[in-house]
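If you want the building blocks of each chain, they are given just below.
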Amino acid sequence: MIFGRSERGKPPVEPVTLKILVAGGFGVGKTTLVGAVSEIRPLRTEEYLTEAGRPVDDLTGVERKHTTTVAMDFGRITLREGLVLYLFGTPGQERFWFMWDELSEGALGAVVLADTRRLEDCFAAVDYFERRSIPFLVGVNCFEGAPRYPVEEVRRALDLDDGVPVVPCDARDRGSVKDILVGVVQHAMEYAGDRRRAVTT
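Keep in mind that this is a model prediction, so the values were computed, not measured.

Asks: What exactly am I supposed to notice about the packing of aromatic side chains here?
Replies: Each aromatic ring pair is characterised by the separation of its centres together with the angle its planes make. Evaluated as defined, the whole model comprises six aromatic pairs. Here Phe74 and Tyr86 contribute two aromatic rings whose centre-to-centre distance is 5.7 Å and whose plane-to-plane angle is 40°, an arrangement assigned as tilted. Here Tyr86 lies in strand β4 (residues 83-89) and Phe74 lies in strand β3 (residues 67-80), a separation of twelve residues in the sequence. The rings of Trp100, Tyr128, Phe129 and Phe136 are connected pair by pair, giving a single aromatic cluster. Directly above the ring of Phe88 sits Lys19, whose terminal nitrogen or CZ lies 4.8 Å from the centroid. The ring of Phe143 has Arg117 lying over it, and the distance from NZ or CZ to the ring centre is 4.7 Å.

Here's what the structure looks like:
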């Protein structure tokens, strides 16, 4: 059975849908990640960068970038029969952060994408999810030519709790992104279980 179609004699079953956010700094690969894994044509709200935005858009390290997400990216992936993830990519620039509260409503968890050349750009996303107790995983997007660091070194640089997964990934590769999303779901389930146990003890 897939999306309402059922085997003969069996009633259709609606899939369980989960919401995952994809966050991080400007130009870190959020739109690429959503597009790499989405089974539908992703909804994108990209606009061209303009001269008017040059004073507030820091293009250091992403000088070849010509567009930016101004509201969100949206995609969908079926992890297995009956389990569907809706992906919402957040805008990376500070002037669009007001969208984050709306997008994070009802989210199971989040991916924070990091670029080792501009690691400080994901501090805001890490802080946002920590303050709202939304479980998240840090995906270190392995750009060509970017320095590679051990996972524990990235964890220390971001001052992450030991329980936060840090996983190298390639935002262009469907298999790599799918592994990241499976990791987010598993981490969110463990996080929810830990919180329930803490309440009952």
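Asks: What is the right way to look at helix α3 (residues 123-131) in this model?
Replies: An α-helix turns once every 3.6 residues. As a result, residues three or four positions apart point the same way. Of all the residues in α3, the buried ones are Ala125, Val126, Tyr128 and Phe129. Each buried residue of α3 lies within a common arc of 160° when the element is viewed along its axis, so the set occupies one face. Packed against the buried residues of α3 are β1 (16-24), α2 (99-104), β5 (109-114) and β6 (136-141). Positive phi appears at Ser133, one or two residues downstream of α3, with a value of about 55°.

Asks: What is the right way to read the confidence of the model for the chain from this model?
Replies: Interpretation of this model should avoid reading the predicted coordinates in detail wherever pLDDT is low. Mean pLDDT for the chain: 83, with 77% of residues reaching 70 or above. With pLDDT under 50 throughout, residues 49-57 is counted as low confidence; its partners more than four residues away or in other chains account for twelve contacts.

Asks: Is there a simple way to explain the nonpolar core in this structure?
Replies: Nonpolar side chains tend toward joint burial in soluble globular proteins. Counting residues in hydrophobic clusters, the biggest one holds 26 residues, and the most contacted among them are Leu21, Val112, Phe129, Phe136, Val138, Leu158 and Leu160. Elements with a contribution of two residues or more to this core: β1, α2, β5, α3, β6 and α4 (151-158). The biggest single contributor to this core is α3, with four residues. What Leu160 contacts, discounting residues up to four positions off in sequence, is Val126, Glu130, Phe136, Val138, Arg155 and Val166. With 23 residues, the next largest nonpolar core counts Val37, Ile77, Cys169 and Val177 among its residues.

About the thresholds
- Residues numbered from 1 in each chain as written.
- Predicted model: local features only at pLDDT ≥ 70, side-chain atom pairs only at ≥ 80, totals over all residues.
- Heavy atoms only, no water.
- Phe/Tyr/Trp six-rings, centres within 6.5 Å; stacked < 30°, edge-to-face > 60°.
- Helix = DSSP H or I, 4+ residues; strand = E, 2+ residues; numbered from the N terminus.
- Lys NZ or Arg CZ within 6 Å of the ring centre and 35° of its normal.
- Buried < 20%, exposed > 50% of the residue type's maximum accessible area, 1.4 Å probe, protein only.
- Arc of directions from axis to C-beta.
- Contact = heavy atoms within 4.5 Å.
- pLDDT = per-residue confidence, 0-100.
- Core = buried A, V, L, I, M, F, W, Y, C linked by side-chain atoms within 4.5 Å.

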